[in-house]
Amino acid sequence: MSNGPARPGSARTSALAEDLRLLIGRLKRRLREQGQREDLPPSQVAVLLRLEKDGPATVSSLARSEGMRPQSMSSAISALEAAGLVRGAPDPDDGRQTIMSLTDSCRERLRTGRAARQDWLSRTIAARLSAREQDELAAAVGLLKRLVED
């Protein structure tokens, strides 16, 4: 194998892509463990994050945004309401619709979960990587950002 740039589809590129995908999956699982969100299914977490990012929305618009059937979204919303994480209010423009939003306790839960994940990752980087390795990691993060830019 040459040390030059890898061709798309080469064995080296394919192996690197697989290693990266597996590693990111493991990192996501470790971060989830730190944030204590493991009690919610990924679909419900996605709804909470959508409401946090985009603001209040109807069940049908959430379903469209998440690529779910409205019935599936209704089930997810019902579970989140029962857990006290979202609440509904009548749509002022269309009384047949309900606008869903995050509760204050949900916002706090999201905030503390992020803080716990950030703290764990910061401590782990400091404990396991030398200053030189941290510089290498910073460079790698820059490369990863380039992979996901549009």
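Scroll up for the structure.
Worth saying up front: this structure is predicted, and the values here are computed from it rather than measured.

## Here's the deal with the pairing of strand β3 (residues 98-102)
Okay, step 1: Two strands pair when backbone bridges link them, and strand β1 (residues 57-58) and β3 are joined in this way by two bridges, in the antiparallel orientation. Each residue of the ladder has a partner; that of Ala-57, found in β3, is Met-100.
Okay, step 2: Here five bridges tie strand β2 (residues 86-90) to β3, and the two strands are oriented antiparallel to one another. Looking across to β3, one finds that Ala-89 is bridged to Ile-99.

## Quick word on the environment of Leu-110
Okay, step 1: Assignment of secondary structure puts Leu-110 in helix α5 (residues 104-128).
Okay, step 2: In sequence terms Leu-110 and Leu-27 are 83 residues apart; their C-alpha atoms lie 18 Å from each other.
Okay, step 3: With sequence-adjacent residues up to four places away left out, Leu-110 is seen in contact with Leu-49, Glu-52 and Leu-102.

## Description of the nonpolar core
Okay, step 1: Leu-48 and Leu-62 are the most contacted members of the largest nonpolar core, which has 18 residues in total.
Okay, step 2: If you list the elements that add at least two residues to this core, you get α2 (42-54), α3 (59-66), α4 (70-82), β3 and α5.
Okay, step 3: The leading source of residues in this core is α2, at four residues.
Okay, step 4: Look past the residues within four positions of Leu-48 in its chain and what remains in contact with it is Leu-40, Leu-80, Leu-85, Val-86, Leu-102 and Cys-106.

## Quick notes on the pattern of salt bridges
Okay, step 1: With the rule as written, the count across this model stands at nine salt bridges.
Okay, step 2: Here Arg-50 and Glu-66 are joined by a salt bridge, their closest N and O atoms 2.7 Å apart. Within this pair, whereas Arg-50 is found in helix α2, its partner Glu-66 is found in helix α3, the two being separated by 16 residues in sequence.
Okay, step 3: For Arg-50, a relative accessible area of 23% puts it in the partly exposed group.
Okay, step 4: Assessed through its relative accessible area of 24%, Glu-66 is described here as partly exposed.
Okay, step 5: For Lys-53, the salt bridge goes to Asp-54, with nearest N and O atoms at 3.9 Å.
Okay, step 6: Taken together, the salt bridges that share partners define one network made up of Arg-50, Lys-53, Asp-54 and Glu-66.

Each value, and the rule that gives it
- Residues numbered from 1 in each chain as written.
- Predicted model: local features only at pLDDT ≥ 70, side-chain atom pairs only at ≥ 80, totals over all residues.
- Heavy atoms only, no water.
- Pairing = 2+ DSSP bridges.
- Helix = DSSP H or I, 4+ residues; strand = E, 2+ residues; numbered from the N terminus.
- Contact = heavy atoms within 4.5 Å.
- Core = buried A, V, L, I, M, F, W, Y, C linked by side-chain atoms within 4.5 Å.
- Buried < 20%, exposed > 50% of the residue type's maximum accessible area, 1.4 Å probe, protein only.
- Salt bridge = Lys/Arg side-chain N within 4 Å of Asp/Glu carboxyl O.

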